[in-house]
Each structure stands twice: as C-alpha cells, then as structure tokens.
Amino acid sequence: MNLIRRQIYNPLALAATFFVLLIILFGVLWILVPPPPKSIEMATGFPTGLYYQFGERLKAEVSGEGVDLKVRSTGGTLDNLRLLNDPKSGVDFAMVQGGVANLSEYPKLVSIAGMFYEPIWVWYREGAFKSEGGQLKILSQLKGKNVSIGNEGSGTLALTKDILQASGISEKEFNTQKLSPDQAIAKLSNGELDAVFIVAAAEAPILRKFYSVPGIRLMSFDQADAYTRNLPYLSKVMVPRGLLSIQHDQPRQDIQVMAATATLVAHDNVSPALVSLLLGASYDILKSYSRLQKVGEFPSGSGLDFPLHVDAEIYLKDGPSFLHRHLPFWTAVWAGRFVKIVIPLLVILIPLFTYIPTTKNFLLRLKLAQVYEELKVIERNAQNPALKEKNFKDLEDIERRVGNMKVSMLDAKELYDLKGHVGEVRVRLNLVH
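If you're wondering where the values come from, they're calculated on a predicted model, not measured in any experiment. (Residues numbered from 1 in each chain as written. Predicted model: local features only at pLDDT ≥ 70, side-chain atom pairs only at ≥ 80, totals over all residues. Heavy atoms only, no water.)

**Quick word on the overall build of the protein**
Part 1 of the reasoning: The helix and strand tally for the protein stands at 15 helices and 10 strands.
Part 2 of the reasoning: Counting the 433 residues in the protein, one finds 43% classified as buried.
Part 3 of the reasoning: Excluding contacts between residues fewer than 6 apart, the proportion of contacts in the protein whose partners are at least 24 apart in sequence is 77%.
Part 4 of the reasoning: Entry remark: accessible area of the protein is about 22300 Å², with carbon and sulfur atoms responsible for 58%. (Helix = DSSP H or I, 4+ residues; strand = E, 2+ residues; numbered from the N terminus. Buried < 20%, exposed > 50% of the residue type's maximum accessible area, 1.4 Å probe, protein only. Contact = heavy atoms within 4.5 Å. Areas by Shrake-Rupley, 256 points an atom, 1.4 Å probe, with all protein chains shown as cover.)

Take a look at the structure:
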C-alpha cells in the first residue's frame, strides 16, 4: 500500500502517465482525421463529350500533386448520379447536369462547384421546315417530325422532357428516338432525323461533328425568357453568329438558347483536401472555357441543385487555405492534419495547465498530511513499552522519507516545518523511554 501511495504522489510517475495519455489521445485523433485517398474515380460521360474531356484535364492537373484520378466513361448525368449514390461503385466524384436530379433521392450528395454552362442545342434540317421558312423557332413546330431527344441515362433526355412538358407537348405528338449523340448525327446526316436535342458546352468536341452535316441549322429559342421563368435552373445565353465555328458559320445568325450548369458533385463526407485540390485545378482549366461564360465566372457556387459543400463555399469565397497556398499539396495535407489534432489538444491542455499549480500544491499537502498522520500514530503509541521498537523503526522510516523529499523553493517552509515536527516527536520518544 505504501508503495502504491508513493507512486501516486510521485511527480515523475504522474508526468509519465500524463505524457502516455497524451500520446494515446494524439494517436486516436490522428486516426479520426484520415488523409485523403491517393486514388479517386470520377464519372463523366461519353468520350466525345466535354464531361469526359474535363475529367481528363483534371486528371492531368492533379497527377502532378500525386493523386491518381480515374475517369469513367458513362451514359451521362443520370448514370453518374446512380454510380455516385452507389457505395459499391467506387465513384467519388461525378459531373452532373443542373436541373436533372431529384434531390430527395440523393440526400448525401453535395456540390463542389458549378463548372460551365451547358446549353441545350437543337440542330435541325432546313429542308424539314420549308413550310415555316426553313427556320425552327418554337418547339411546337416539331409536331409530326422525327426527333432525337437524348439517350437513356443522359442529362439531355431529362432536360428535353422537362422542356417539352413546359411547352405542353407530348412525346406522342412526334416520332421521338432516344439516341446517343453519335447515333443521332449519323441519322441526321442521312435524313432519317429532322432535329436533334443535345446538351453540351460550347467547347464540347461532339458539337464539331454537326458542322459537316449539310443543310443544318441551330434553333434560336424565341421563348427562352418564358422557359427560364418556368425552369429556374436554366439561364438564357446569347450566342453570337459563328461562335461555335467561324469556319462553318455556326450558328448562322445570333441566337438565344437556354443553358443548365454542369456541376461537380461528390459525397457529403468528401475530404476537404480533395475539394481544395480539384477546385484549384479547375480554375486553370476553365480559363479556356470562355466562349459563353465570362472569364472568372466559373467555378461558381450559384445555380446549383445540391447544397454547396462547406469547404467549397469557403474556397470559392476566400481562395485556398494558407497551407495550400504556400505548401505542396501533400505537405499541406499532413500539416493540416497536425493542426486539426493539435488545436483540440490545446483546448484540453490549456485549461489543464491552469490547474497544475493547484494540483501540485494539493499533492504536496496530501503527502505532508500522510506523514503527520503517521506521526500521530507514533505519539499515540509512545506510552506502550511493547511498541517501543516499532515506534523508533517507523520514525526512522519517516525521517528517511522526509529527508529524500524534493520540493520547490516556494514550498521549502512546509518541508522544514515538517522536519522540525519529526524532530520533536523523536525528542518525546527519547524522554518516554
């Protein structure tokens, strides 16, 4: 029992215990703040689309920071949402077309940022609309025509259905076909289709394939303002003549179209470090996406379907953190983890340090009180001749322990008072015996 008491009152033992607990706590927090993965996967779209191209450019940008981004080709937005929502798919990020998702079905997804405008283009053969002067201006003109409205799983199909519904037009009123962009271009070229709906950014490679189709034009939505009022996730965008291709004069006149926002979406538990990495990389990429949007307009936190991730919101407002601004990516990651662990520890330790003097004083008083308690027992037994030898032996043990006590300069008086009292007890013992 005395050995246990000595260990409890031993400052070195207490300090060692404290540091062991500190190391254990640091280790637990280190595990609870994991580093971002070095390999991630992103669902995009068809290889000829801008989603896929954007993913490939992101891959090249982040590879320089030691992160391997795998780009998965898909059928489009709806496929991407399904993959991102499936924990077994391995997909961490996805490109999603604005206005397509039913948010109640994806409660654990968040937006990283809107990346670029995606207009809905309607390519049509002039010859199919001779009675209307060769121009398609309102969607009701499509009644009775052969029209591709997008492939299954694509954002084009979802957005086209919304626009047709807002127009009060049923798919039964014309011959609809759900084709991929390449299939639609082939049929448009040989005259099997009269019009093709496709949602794509102005920079999307797939649009170039339309330029060589003879006798086609781009629809200008005369009712664009009405559509954007009824479908708030759409924006009206003006497209100057020749913007898509000066060489092929596409479009052949100034037109107005509606555009959704292509958004990078992720799980709500995405690593903040990856958010910073992908946003930083996207700024450099989007500098070249300036046909329809103003320089610096994207990445953007507005016009998004899914709630904006909190770290993305901070990044879009204030830029990268101090660490990511001045350090290489992985150095910043490890430094950030250390900071996230040290701050909670300081919150715990700083108040603790204020109690150290009080605790130290309490432990000293406790140690002195133990000695005084033993002295009282010796004095109480001093008149008993049978306990003479035991009294002197116990007193010698007390004198040895008191002589080995180490105290600070401020506590020296208490120690010397104790030594004086131990000496007085010895004097009494000698007088009795």
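**With respect to helix 6 (residues 181-189)**
Part 1 of the reasoning: Of the positions making up helix 6, those classed as buried are P181, A184, I185 and L188. Across the axial projection of helix 6, the buried residues extend over an arc of 100 degrees, all falling on one side.
Part 2 of the reasoning: The secondary structure elements touched by the buried residues of helix 6 are strand 4 (109-125), strand 5 (146-148), strand 7 (195-199), helix 7 (208-211) and strand 8 (216-218).
Part 3 of the reasoning: G191 sits one or two positions beyond helix 6 and adopts a positive phi of about 85 degrees. (Arc of directions from axis to C-beta.)

**Considering empty space enclosed by the protein**
Part 1 of the reasoning: Tallied over the full model, the rule gives one cavity of 30 Å³ or more.
Part 2 of the reasoning: There is about 320 Å³ of room inside the largest cavity.
Part 3 of the reasoning: What lines the largest cavity is a set of 29 residues, and nearest its centre among them are F46, T156, P181, I198 and V199.
Part 4 of the reasoning: Broken down by secondary-structure element, the contributors of at least two residues to the lining of the largest cavity are helix 3 (50-63), helix 5 (155-167), helix 6 and strand 7.
Part 5 of the reasoning: When residues in the lining of the largest cavity are grouped by element, the largest group, four residues, is from strand 7.
Part 6 of the reasoning: Of the residues in the lining of the largest cavity, the class split is 14 nonpolar, 14 polar and one charged. (1 Å grid on protein atoms, 1.4 Å probe; cavity = no way out; pocket = protein on both sides within 12 Å on 5 of 7 lines; lining within 4 Å. Points joined across faces, edges and corners; volume = space filled by probe spheres on them. Nonpolar A, V, L, I, M, F, W, Y, C, P; charged D, E, K, R; others polar.)

**Some thoughts on the packing of aromatic side chains**
Part 1 of the reasoning: Here the structure, examined in full by the defined rule, presents 11 aromatic pairs.
Part 2 of the reasoning: With a centroid separation of 5.0 Å and an interplanar angle of 85 degrees, the aromatic rings of Y117 and F298 are classed as edge-to-face. Of this pair, Y117 sits in strand 4 while F298 is found in the loop between helix 9 (272-286) and helix 10 (310-318), placing the two residues 181 residues apart along the sequence.
Part 3 of the reasoning: Judged by its relative accessible area of 7%, F298 is buried.
Part 4 of the reasoning: Between Y283 and Y315, the ring centres sit 6.1 Å apart and the planes meet at 35 degrees, which makes this aromatic pair tilted. In this pair, Y283 sits in helix 9 while Y315 sits in helix 10, placing the two residues 32 residues apart along the sequence.
Part 5 of the reasoning: The exposure class of Y315 is buried, given its relative accessible area of 10%.
Part 6 of the reasoning: An aromatic cluster is built from Y51, F54, F116 and Y289, whose rings are joined through pairwise contacts. (Phe/Tyr/Trp six-rings, centres within 6.5 Å; stacked < 30°, edge-to-face > 60°.)

**What about the side chain of Q97?**
Part 1 of the reasoning: Position of Q97 relative to the elements: it lies in strand 3 (residues 93-97).
Part 2 of the reasoning: Owing to a relative accessible area of 2%, Q97 belongs among the buried residues under this scheme.
Part 3 of the reasoning: A distance of 3.0 Å separates a polar atom in the side chain of Q97 from the backbone oxygen of G155.
Part 4 of the reasoning: Not counting chain neighbours up to four residues away, the residues in contact with Q97 comprise Y51, T77, E118, G155, T156, L159, V199, A260, T261 and D305. (Polar contact = N/O pair within 3.5 Å; in protein donor to acceptor, adjacent residues only side chain to side chain.)

**Side note on the pattern of salt bridges**
Close approach of charged atoms allows side chains with opposite charge to pair.
Part 1 of the reasoning: For the coordinates displayed, the defined rule picks out 17 salt bridges.
Part 2 of the reasoning: For the salt bridge of E414 with R365, the shortest nitrogen-to-oxygen distance reads 3.3 Å. Separated by 49 residues along the polypeptide, E414 in helix 15 (residues 412-432) and R365 in helix 13 (residues 356-380) bring together distant segments of the chain.
Part 3 of the reasoning: Across the pair R400 and D397 runs a salt bridge whose closest N-O atoms are separated by 2.5 Å. Of this pair, R400 and D397 are both found in helix 14 (residues 388-404), three residues apart, which corresponds to roughly one turn of the helix.
Part 4 of the reasoning: Shared partners join several salt bridges into a network, and the residues in it are E374, D397, R400 and R401. (Salt bridge = Lys/Arg side-chain N within 4 Å of Asp/Glu carboxyl O.)

**Observations concerning the pairing of strand 4**
Part 1 of the reasoning: Counted residue by residue, strand 4 has 16 buried out of 17 residues, so it is predominantly covered.
Part 2 of the reasoning: Across nine bridges, the pairing between strand 4 and strand 10 (residues 255-267) is antiparallel. Paired with S111 across the strands is V265, a residue of strand 10.
Part 3 of the reasoning: Bridge count for strand 4 against strand 8 is three bridges, and the pairing is antiparallel. Opposite Y124, over in strand 8, you have R217 as the bridge partner. (Pairing = 2+ DSSP bridges.)

**Focus on the packing of helix 3 against helix 9**
Part 1 of the reasoning: Following both chains from N to C, one finds helix 3 and helix 9 inclined at 115 degrees, their axes separated by 9 Å at the closest point. Considering only the axes of helix 3 and helix 9, their crossing is right-handed. Contacts between helix 3 and helix 9 pair F54, R57, L58, E61 and V62 from the former with L277, L278, A281, S282, D284, I285 and L286 from the latter.
Part 2 of the reasoning: The residue inventory of the contact of helix 3 with helix 9, partitioned by class, reads eight nonpolar, one polar and three charged. (Axes fitted to C-alpha atoms, helices over the stretch in contact; angles between N-to-C directions. Left-handed = near helix turned anticlockwise from the far one by under 90°.)

**A short note on the environment of N391**
Part 1 of the reasoning: If you trace the backbone, N391 turns up in helix 14.
Part 2 of the reasoning: When its relative accessible area of 2% is taken as the criterion, N391 is described as buried.
Part 3 of the reasoning: Residues N391 and V377 lie 14 residues apart in sequence; the distance between their C-alpha atoms is 8.8 Å.
Part 4 of the reasoning: Residues within four places of N391 in sequence aside, it is in contact with I378, N381, A382 and L429.

**Examining the packing of helix 9 against helix 10**
Part 1 of the reasoning: Close contact between helix 9 and helix 10 brings their axes to 9 Å; oriented N to C, the two are set at 40 degrees. If you check the angle between helix 9 and helix 10, you find them oblique. The handedness of the crossing between helix 9 and helix 10 comes out as right-handed. Residues P272, V275, S276, L279, G280 and Y283 of helix 9 touch helix 10, and the partners they reach there are D311, A312, Y315 and L316.
Part 2 of the reasoning: The residue makeup of the contact of helix 9 with helix 10, split by class, is seven nonpolar, two polar and one charged. (Parallel < 35°, antiparallel > 145°, perpendicular 65-115°, else oblique.)

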